Amino acid sequence: MGPLAGIKILDLSRILAGPWATQCLADFGATVWKIEKPGSGDDTRQWGPPWVNDRCGRGGGESAYFLSANRGKQSIAVDIAQPEGQELIRALARRADVLVENFKVGGLAKYGLDWPALRELSPGLIYCSISAYGQDGPEAGGAGYDAMIQGKGGLMSITGNPAAEPGGNPQKVGVAVADLMTGMYAVAAITAALYERHSSGRGQHIDLALLDTQVAMLANQSLNYLVTGRAPQRMGTAHPNLVPYQAVPAADGDFMLAVGNDRQFADFCRIAGRPQHATDARYSTNAARIANRRDLLRDIEHWCREQPRAHWLEALTRADVPCGPINDLAAVFDEPQVRHRRMRMDLRHPLAGTVPQVRNPVLYSRSQLEYSMAPPLLGQHTAQVLHAEAGIEPETLAALRARRVIA
């Protein structure tokens, strides 16, 4: 049983930040009721190609994007714009421990499904609101996607090649990191609120913003600025606080060299046949290497081009100098360590037979994470959940379906 077995999550979120959080909570054993709009469902169901093929090899069904963030959930198709649909959500809220939503600020108030309304209905409910800019402030009502937040929150200013180099334009990260990190902060905030409820007996509201998360996750780059007053610049694969720590060119292509201390630098110099560089006052400490970054990297690039990648990766790894290949995803899933850790798995799917998944990276010593439910079809569990949790009888469900309140 997962550590959150018995916890019930009412999930009114869509796209990525909220669904990423609720997928993780489902992996940890929580029951997740994913509320979707009849007919269309979560927007990402249409975010393809690529699509998963059915058993006959036909595509155009579920998108790979949707499959990436909705494992382990039960899909309930309810039209919350209709009063009867709102009452169904309230019935589930009475049974839920947690509600997660990412509507525009105030968007659920017109349906009577906002925090002030539902906390009266269920005082122990933990209500997590995820928005672009937060529940207050001059931009609270604004909408925002991940790429906008990467730009506004500073990440794009430090991502990409230096401005003076060819192609030195700001770049977004290749995956929606603001959404994903917000989802992970939501998991932490929700589990902490569940723990606090044990002593207080009360629920609470969680206000989580993509922009706040983006600013918070800049970590050392934020403090580099706050300490010096100088805004960090784009440095390609290089690190602002460590040298050498970047992609370097071998004879047959690039690899990552990630020297984190003076001992590792000395071992790298020895392997490169230049041990004198480790005792040179210009390079003997990390601070000195940063001050003389350009000259040192010119030398390192020259040395590394003398041998192929395999030579450097083998020799440096043997000496415990951090380094690694620059893999595409085909190579990632073929890595022996990734295969050993069984990061790729398959789940049974009603249309495709099976669909591939990437497991949750958490491994507990006692709690067992069970992956038994593929991302659901739209409305796959509507009748089952509404009957079991809200006591709606089959004839009433049929009438609601006829009026398109549910699907």
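Our subject is the structure listed above.
What comes next is a walk through the structure.

Conventions adopted
Residues numbered from 1 in each chain as written. Predicted model: local features only at pLDDT ≥ 70, side-chain atom pairs only at ≥ 80, totals over all residues. Heavy atoms only, no water. Pairing = 2+ DSSP bridges. Helix = DSSP H or I, 4+ residues; strand = E, 2+ residues; numbered from the N terminus. Axes fitted to C-alpha atoms, helices over the stretch in contact; angles between N-to-C directions. Contact = heavy atoms within 4.5 Å. Patch = residues over 30% accessible without salt bridge, like charges linked within 9 Å, V, L, I, M, F, W, Y side chains within 5 Å. Areas by Shrake-Rupley, 256 points an atom, 1.4 Å probe, with all protein chains shown as cover. Salt bridge = Lys/Arg side-chain N within 4 Å of Asp/Glu carboxyl O. Buried < 20%, exposed > 50% of the residue type's maximum accessible area, 1.4 Å probe, protein only. Right-handed = clockwise from strand over helix to strand, strands pointing away.

Take the sheet that holds strand β6 (residues 205–209) next. An order of β3-β2-β1-β4-β5-β6 is seen for the six strands of this open sheet, with the pairing classed as parallel. Edge positions in the open sheet fall to β3 (73–77) and β6, since each of these has one partner strand only. Within the sheet, the average angular offset between the axes of one strand and its neighbour, ignoring direction, is 20 degrees. Relative to the sheet, helix α6 (residues 177–200) contacts β4 (98–101), β5 (126–131) and β6, its axis offset from that of β5 by approximately 160 degrees.

On the surface, a nonpolar cluster with roughly 430 Å² of combined accessible area is contributed by L223, Y225, L226 and V227. Here L226 is to be found in helix α8 (residues 219–228). A relative accessible area of 60% places L226 in the exposed class.

Right, let's talk about the pairing of strand β1 (residues 8–12) for a bit. Within β1, five of the five residues are buried, which leaves the element mostly enclosed by the surrounding structure. Side chains of β1 alternate between two faces, with K8, L10 and L12 and I9 and D11 buried alike. Sheet topology note: the β1/strand β2 (residues 31–36) ladder contains four bridges and is parallel. The partner of K8 across the bridge, within β2, is T31. In this fold, β1 hands off to helix α1 (residues 17–27), which returns the chain to β2; that crossover is right-handed. Bridging between β1 and β4 involves four bridges; their strand directions are parallel. Counted as the bridge partner of L12 is E101 from β4.

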